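# Architecture at a glance
Each chain is listed here by its residues.
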Amino acid sequence: MRTSILTILISVLAIHVTCHAQVTPSKFNLDFENVLNGKPQGWYATASPGYSVSLDSVNVQSGKYSVVVEFTGESGDFQPISLSLPNNYDGKQITLSGYIKTENVTDGYAGLWLLIDPQIAFDNMANRGVTGTTDWTKCEITLRMNPSKTQQIVVGGLLVG
């Protein structure tokens with residue numbers, strides 16, 4: 001069985017809302033340093049068949065932890081991890097930056113994802129995801145914002161395939 005592993009480090013992840021707000025990693029546990037019951041506090045991972053999600057204290061880009069999403073089954077579509085930001089922000093655009101490390105990602109990709117709801121903007125790096133076996137790679141997503149219509153902003157990472 002071939003195993004695909006996505007190690008996401010959002011410990012240096014910064015969400016920058018152009019001109020109006022800088023969200024620091026520690027404020028919303030974007031660096032995974034706040035742990036509760038063995039999981040990064042505030043983060044959500046659906047229980048997708050064929051995948052596991054865990055903290056890693058060995059493979060880190062900086063800080064104490066990264067999050068590992070691992071394909072463990074014979075079939076599966078994708079496994080996201082996500083964090084809903086508790087606020088809306090004024091600004092013209094929002095940028096999500098993070099680091100991804102992969103191992104044996106051959107039938108799909110690893111990526112960050114950013115969603116502005118309801119149906120304002122979405123990007124999951126589908127056309128530029130990280131594949132193969134890579135060392136820590138910086139990735140970014142920038143989306144245009146519409147603060148007057150935004151109800152929720154969600155950030156995360158995912159392993160597809």
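About the thresholds
- Residues numbered from 1 in each chain as written.
- Predicted model: local features only at pLDDT ≥ 70, side-chain atom pairs only at ≥ 80, totals over all residues.
- Heavy atoms only, no water.
- Phe/Tyr/Trp six-rings, centres within 6.5 Å; stacked < 30°, edge-to-face > 60°.
- Helix = DSSP H or I, 4+ residues; strand = E, 2+ residues; numbered from the N terminus.
- Buried < 20%, exposed > 50% of the residue type's maximum accessible area, 1.4 Å probe, protein only.
- Polar contact = N/O pair within 3.5 Å; in protein donor to acceptor, adjacent residues only side chain to side chain.
- Contact = heavy atoms within 4.5 Å.
- Pairing = 2+ DSSP bridges.
- pLDDT = per-residue confidence, 0-100.

### Focus: the packing of aromatic side chains
Evaluation of the coordinates by the stated rule reveals three aromatic pairs. Geometrically, the ring pair formed by Tyr51 and Phe71 is edge-to-face, given 5.2 Å between the ring centres and 65° between the ring planes. Remark: Phe71 occurs in strand β7 (residues 66–71) and Tyr51 occurs in strand β6 (residues 51–56); sequence separation between them is 20 residues. This pair shows no difference in class: Tyr51 is buried, exactly as Phe71 is.

### Focus on the side chain of Asp123
Along the chain, Asp123 falls in strand β10 (residues 121–123). A distance of 2.8 Å separates a polar atom in the side chain of Asp123 from the backbone nitrogen of Met125. A distance of 2.6 Å separates a polar atom in the side chain of Asp123 from a polar atom in the side chain of Arg128. If we ignore the near neighbours within four places in the chain, the residues touching Asp123 are Leu112, Trp113, Leu114, Arg128, Ile141 and Leu143.

### Regarding the pairing of strand β12 (residues 152–160)
Buried residues dominate β12, accounting for seven of its nine residues. The pairing of strand β8 (residues 78–85) with β12 spans eight bridges and is classified as antiparallel. What sits directly across from Leu83, in β12, is Val155. Pairing of strand β9 (residues 93–117) with β12, which is carried by nine bridges, proceeds in the antiparallel orientation. Across the sheet, residue Trp113 finds its bridge partner in β12, namely Gly156.

### Details of the confidence of the model for the protein
Across the protein, the average pLDDT comes to 83, with 84% of residues at or above 70. Summarising per-element confidence for the protein, the mean pLDDT is lowest in strand β1 (residues 5–17) (48) and highest in β10 (97). Confidence drops under pLDDT 50 across residues 9–14; counting only partners more than four residues distant or on other chains, this segment forms 32 contacts.

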